[in-house]
Structures are given as C-alpha cells and as structure tokens.
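Examining the three-dimensional arrangement
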Amino acid sequence: MSVGTSPAAGIDPASETLAERYARMAHAYEGRPIDVVLRAMDIVIASAVLVLLGPLVLLVALATLMTTGTPVLYRGDRVGRAGRVFTMYKFRTLAADAESRLGPYLGKELTRRTEAELTGIGRALRPTHLDEVPQLLNVVRGDMSIVGPRPVRPPFFEELCERIPGYWQRLVVRPGVTGFAQTRITREDSWADKFVHDMEYIADRSVRLYLRVLAATLWRVLHRITRGEGKPSSP
C-alpha cells in the first residue's frame, strides 16, 4: 500500500486516488486560523506581482516563442494539498518533451541531465527564477501557496511515501512556489533532509516565518544574479 499506511477493510488500494487516501488517513488534521491569513497574503502578493511583472512576462513569453517555439508554458502534474493532483505552470526552459526523458531521475543525476536539456533562454531565466512566475497563477487559483513544501510529481510522491515515514503529512498545506527547505539546503541534499525542513515550516507556520522565507528567497535570487550563478531546478 502506498502513502505509508495499510488499506482499510474492503478498500482496494489500487482504485483509490491520492486525495481519497489522504482523506482516510488524515481526517484528524484540520486547518489553523493562521492559514486564512496566509491565504489572504498569497492572493494579495501573487496578484500584485503578476500585475507589476505583466510586461516582463509578455516579453519572456514572446522570446520563448520566437527562440524555441511552442509550447511556451510547461505544464506538469503535481500533488497538492490533501492529495489533489493539479497542473503546475512554468515558462518552458527545457527542450520539448524533456520531462519524458528526465522522469526516471532524481538528485544529482537529474541535475546533470537537466543541464543538458536547457534551452538558451532557459539558461537566462533560471538564475532569476523568472521561469517560476506563472506559478503565481496557481497561487491565485488556490493550487499553491507562495511559501510551502515544493510540489512533487505523483509517481515520485508515491515512491517517497514508501521511503520516508510520514511523508504524506506534507499534504496538510498547499505546496509552495518557494519553501523553507529551499532556503536552507540544496537539491543534492536527501529528500529526507528536505522533509525535515518542510515539516518544520508546517508545524511553525506563521506570518513571521512566511515573510522570513520570502526574504531569504529574494536574497538568494539577488545573490545568484550578482554572482552570475545558475543551477537547474526541476522541469
């Protein structure tokens, strides 16, 4: 049985969705009052940034279309809050159909292979994280938060639930455009290490911690830009 639990009597685990399994396992987990405040902050910040960056977003979309063709946006399935699978958006920075070739890999091998798949404009976008801006649409829609555990592809989520006890608890909150783990460790660190930081954020989530993660993310982006650094992230 996936997602780290035994199936209930009479239930065929193969027929259950992630959302159904989550509902069965996590019925005692309820939202907190702070979640309403953080959701309001998500909507205000995401909407404001989309308006402010609107002209730049159009330029990036046009540059992507002219240099690498369609599709301009990458669309990929990710596991969201309570196990609901949603479509995440990013500007496409990799060669067409790259995810089908990168799908089986994680960690350092994924990083190496992703580097080989980068397009010219992708190399320019990734250090600034401008490729992530379309995820603000996911935030406005309610699929994601600005701050939270980074979303995982469904097959890997199932695998990680088998490997890491309690991994399904990440589904208590919406996945984030940035996260506590991303401000502390690198993609080469283990998934178990990242999970520890994700759970720390989930347990201690507050306006102060939310703003702290945002500030740390902005600092890291500015630092990478000034140093001319760029490291591939997941497609």
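Keep in mind it's a predicted model, so treat the numbers as computed, not measured. (Residues numbered from 1 in each chain as written. Predicted model: local features only at pLDDT ≥ 70, side-chain atom pairs only at ≥ 80, totals over all residues. Heavy atoms only, no water.)

**Some details on the pattern of salt bridges**
Opposite charge on two side chains lets them pair, provided their charged atoms get close. For the coordinates displayed, the defined rule picks out nine salt bridges. When the shortest N-O distance is used, the salt bridge between arginine 163 and glutamate 159 registers 2.8 Å. With arginine 163 and glutamate 159 both in helix 8 (residues 154–163), this residue pair falls four residues apart, about one helical turn. According to the relative accessible area criterion, arginine 163 is partly exposed, its value standing at 47%. Put simply, Lys90, Asp131, Glu132 and Arg150 are held in one network by salt bridges that share partners. (Salt bridge = Lys/Arg side-chain N within 4 Å of Asp/Glu carboxyl O. Helix = DSSP H or I, 4+ residues; strand = E, 2+ residues; numbered from the N terminus. Buried < 20%, exposed > 50% of the residue type's maximum accessible area, 1.4 Å probe, protein only.)

**Points about the packing of helix 2 (residues 33–52) against helix 10 (residues 207–227)**
Following both chains from N to C, one finds helix 2 and helix 10 inclined at 35°, their axes separated by 10 Å at the closest point. Along the contact surface, helix 2 presents Ile34, Val37, Leu38, Met41, Asp42 and Ile45, while helix 10 presents Val207, Tyr210, Leu211 and Leu214. Its residues placed into classes, the contact of helix 2 with helix 10 shows nine nonpolar, no polar and one charged. (Axes fitted to C-alpha atoms, helices over the stretch in contact; angles between N-to-C directions. Contact = heavy atoms within 4.5 Å. Nonpolar A, V, L, I, M, F, W, Y, C, P; charged D, E, K, R; others polar.)

**Section: the packing of aromatic side chains**
Here the structure, examined in full by the defined rule, presents two aromatic pairs. Ring geometry for phenylalanine 157 versus tyrosine 167: centroids 5.6 Å apart, planes at 55°, classification tilted. In this pair, phenylalanine 157 is assigned in helix 8 and tyrosine 167 in the loop between helix 8 and strand 4 (176–178), connecting sequence segments ten residues apart. For the pair formed by phenylalanine 157 and tyrosine 167, the shared burial category is buried. Between the aromatic rings of tyrosine 167 and phenylalanine 195, the centroid separation amounts to 5.3 Å while the plane-to-plane angle is 40°, which identifies the pairing as tilted. (Phe/Tyr/Trp six-rings, centres within 6.5 Å; stacked < 30°, edge-to-face > 60°.)

**Some details on empty space enclosed by the protein**
Applying the stated criterion across every chain, the model contains one cavity of 30 Å³ or more. Each pocket or cavity is described by its volume, and for the largest cavity that value is around 50 Å³. Taken together, Val79, Pro149, Arg150, Phe157, Arg170, Leu171, Val173 and Pro175 form the lining of the largest cavity. Split by residue class, the lining of the largest cavity holds six nonpolar, no polar and two charged. (1 Å grid on protein atoms, 1.4 Å probe; cavity = no way out; pocket = protein on both sides within 12 Å on 5 of 7 lines; lining within 4 Å. Points joined across faces, edges and corners; volume = space filled by probe spheres on them.)

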